[in-house]
Structure formats: structure tokens, C-alpha cells
Amino acid sequence: MRKYLYCENGFVEKPQWMPNCWVNVECPDKSDFDFLTKDLKVPESFLEDIADVDERPRTDTEENWLLTIIRIPLQQQGSIPYTTIPIGIITNNEIIVTICYHSTEMIPDFIDHTRRKGIVVRNKFELILRLIYSSAVWFLKYLKQINNDVTAAEKELEKSIRNEDLLRLMKLQKTLVYFNTSIRGKLQSIFQEKDYQNPDLVEDVVIELKQAYNTVNIYSDILTGTMDAFASIISNNVNTIMKRMTSISIILMVPTLIASFYGMNVDVHVDELPHAFSLIILISIMLSAMAFVIFKKIKWF
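Residues numbered from 1 in each chain as written. Predicted model: local features only at pLDDT ≥ 70, side-chain atom pairs only at ≥ 80, totals over all residues. Heavy atoms only, no water.

In terms of regular secondary structure, the protein is built from seven helices and seven strands. Ordered by position from N to C terminus, the α and β elements of the protein give β-β-β-α-α-β-β-β-β-α-α-α-α-α. By the compact-globule yardstick of 19 Å for 301 residues, the protein is too spread out, its C-alpha radius of gyration being 33 Å. Projected onto its principal axes, the C-alpha coordinates of the protein cover approximately 115 × 40 × 35 Å. (Helix = DSSP H or I, 4+ residues; strand = E, 2+ residues; numbered from the N terminus. Rg over C-alpha atoms; globule rule 2.2 N^0.38 Å.)

Following this line, the structure appears as C-alpha cells:
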């Protein structure tokens, strides 16, 4: 699916392509590929690079074409709640194309933001910078959600010893690793081009990316420490439960042992006593109570 967007105090959708129009392609099909390669003459190698889910943030050139690849965050349903995906920005003198092989929230939100604020994007380099800035904002947004998920998982771990809660934290830690590598790649490579001539916008983008990068590192360190602590807590809880179960087994073993002795087919010398059965029961209860008091003192209960 593709949209033709022209900047008029924010990006406005047009019915067809025109020079200096932004073509946004999302989840491209065969007609989109034919339009890009045959009508706009976009290099096919660029499209193949963007399709690689592991592609790192970078820039590349081919003749008068410039390819800028950035990675943006994506919330998904699956084993890992958040991940990052590549989005390619292909430009030349008159053509601006963005391609993403997934449906994302970032691009529609970016378009709506330009309309609300009446932002005028003067050239292709400013569009690239603003898309990077928007990705940093979404990284921070998802990081807040991850922090809330970590807090909820911690509360669950405080009252349970289930492995599922610890695995939940492990999945969030994987997400932070993906975020870390994606943001760090942008900081290292994207701004090496000399054509990024808007110093104020560049400074804003760098500040926002550094904030996201530092936040990722802080949350990652906290999460690592939390997982180590709760792994120890779970192990300690298991040991505590095993001690209690052992104590209960010993307490129950005392009357069982006495009953076993008096159940033997031999002379026990108490069968002639009045209330012998009640006496044996009373002795069993007393011995079990003594065992309970001893275990209570050594904090096995």
C-alpha cells in the first residue's frame, strides 16, 4: 500500500505522484514494487536491503540515489512484546520514498503530528531527521511501557515462584537489547552525511536519541539486577518450602512410628492398662508437639 504525501503546513495526501512528493510505501505488494522500480526507477538493490530484517542503520549511495536505513520500534504479539524493524528512506533530487515491510504506528502518527503542528519539511534531509526524531520519541514511549511491564512482573514475582514471571522479564530484557543496538547504530552512522545542514534540528535529534539510549541502558541495568535478585529469591523460596515440607514429614512420622511399634504382633505390656489406646494417642500428640516447637525455634516454620 502506498500513499502520496505533499507538504502543505503538514503532509497532505494526494491522489497521484508529483515531483518532490513523499511516497510512503507500507507492506509493499507487486504493484508497489512495479511502481517503484519501473516508474520511479528506484534501485532494486535498495529494496532488497530494506527487506532484510537484520539490516543495521546506515546510509548508502548509488548514482544520484541516497539510501538511509533506520530502525524503528514495533509492538507485536508473540514471544517478544517489542522489537525493532528497518525502514528505508530512498531519495534523489525529486523523489522521496519511504519503505517499510511492516505496519507501524510511527508513520501515521508522524503524519498526523505534522498536520497538527503545521510543520513544513523543506527538503529530503529534513524529512530524514524528523523521521529519526519521531523514532526516538516512540522508543521512549515504548520504554515507559516496558518499565510498567517490569514493575507488574516484579509484583507478581513477590508473591509467586513461577518461572513464567521470570521468563517474562527475560523477554523484556531481549527487547532492551534490540532497542540498544538500534539506537546506538543511529548515533554512530546516520549523521556522518555533510548535507544535514539544519544544526538546530540535528541537535534536537541527537539529544532525543541520547536520552533514549541512556534510558535503555539504565532500564537494562536495573532489569539485569532485578532478574538476578528474583532468581535468588525464587531459589530461597524453594528452599524454604522444602524445609517446611521436611518438618511436616518429620512431625507426622512420630505418631506413625509409634503406631507401627504398637501394631506389631508381640507383647507390648500395655494392653492390660485401662485407656491404653488413649494414652498412646496422647503420647504421640505430645511428641509431635515437641517436634513442632523445636522446628519453630530453629525457624523451619
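Right, picking up where we left off after that structure.
A few words now on the packing of helix 4 (residues 124-158) against helix 6 (residues 199-262). Two quantities define a packed helix pair, namely the angle between the helix axes and the distance between the axes. Where helix 4 meets helix 6, the axes come as close as 9 Å, and the angle between the chain directions of the two elements is 20°. With respect to helix 6, the element helix 4 is oriented roughly parallel. Of the two possible hands of crossing, helix 4 and helix 6 adopt the one that is left-handed. Across the contact of helix 4 with helix 6, the residue classes break down as 20 nonpolar, four polar and six charged. (Axes fitted to C-alpha atoms, helices over the stretch in contact; angles between N-to-C directions. Parallel < 35°, antiparallel > 145°, perpendicular 65-115°, else oblique. Left-handed = near helix turned anticlockwise from the far one by under 90°. Nonpolar A, V, L, I, M, F, W, Y, C, P; charged D, E, K, R; others polar.)

Moving on, we get to the environment of Glu126. Among the structural elements, Glu126 can be located in helix 4. The buried category is assigned to Glu126, whose relative accessible area is 4%. When the C-alpha atoms of Glu126 and Asn198 are compared, they prove to be 7.5 Å apart, with 72 residues separating the residues in sequence. Look past the residues within four positions of Glu126 in its chain and what remains in contact with it is Val120, Val121, Asn198 and Leu201. (Buried < 20%, exposed > 50% of the residue type's maximum accessible area, 1.4 Å probe, protein only. Contact = heavy atoms within 4.5 Å.)

A few words on the pattern of salt bridges. Applying the stated criterion across every chain, the model contains eight salt bridges. In this structure, Arg58 engages Glu55 in a salt bridge whose closest nitrogen and oxygen atoms are separated by 2.6 Å. In this structure Arg58 comes out as partly exposed when scored by relative accessible area, which is 23%. Note on Glu55: relative accessible area 13%, which makes it buried. The shortest N-O distance in the salt bridge between Arg130 and Glu126 comes to 3.2 Å. Here Arg130 and its partner Glu126 are both found in helix 4, four residues apart, which amounts to about one turn of the helix. (Salt bridge = Lys/Arg side-chain N within 4 Å of Asp/Glu carboxyl O.)

Moving on, we come to the side chain of Asn92. Mapped onto the fold, Asn92 is located in the loop between strand 6 (82-91) and strand 7 (96-100). A polar atom in the side chain of Asn92 sits 3.0 Å from the backbone nitrogen of Glu94. Excluding its chain neighbours within four sequence positions, the residues that come into contact with Asn92 are Asn64, Trp65 and Lys124. (Polar contact = N/O pair within 3.5 Å; in protein donor to acceptor, adjacent residues only side chain to side chain.)

For the rest of this paragraph, the subject is the packing of helix 6 against helix 7 (residues 276-297). Contact geometry of helix 6 with helix 7 gives a least axis separation of 9 Å together with a crossing angle of 155°. Taken as axis vectors, helix 6 and helix 7 run roughly antiparallel relative to one another. Seen from above, helix 6 lies across helix 7 with right-handed handedness. Taking contact as the criterion, the partners of Ser247, Ile250, Ile251, Val254, Pro255, Ile258 and Tyr262 in helix 6 are, on helix 7, Ile280, Ile283, Ser284, Leu287, Ser288, Ala291, Phe292 and Phe295. Grouping the constituent residues of the contact of helix 6 with helix 7 by class yields 12 nonpolar, three polar and no charged.

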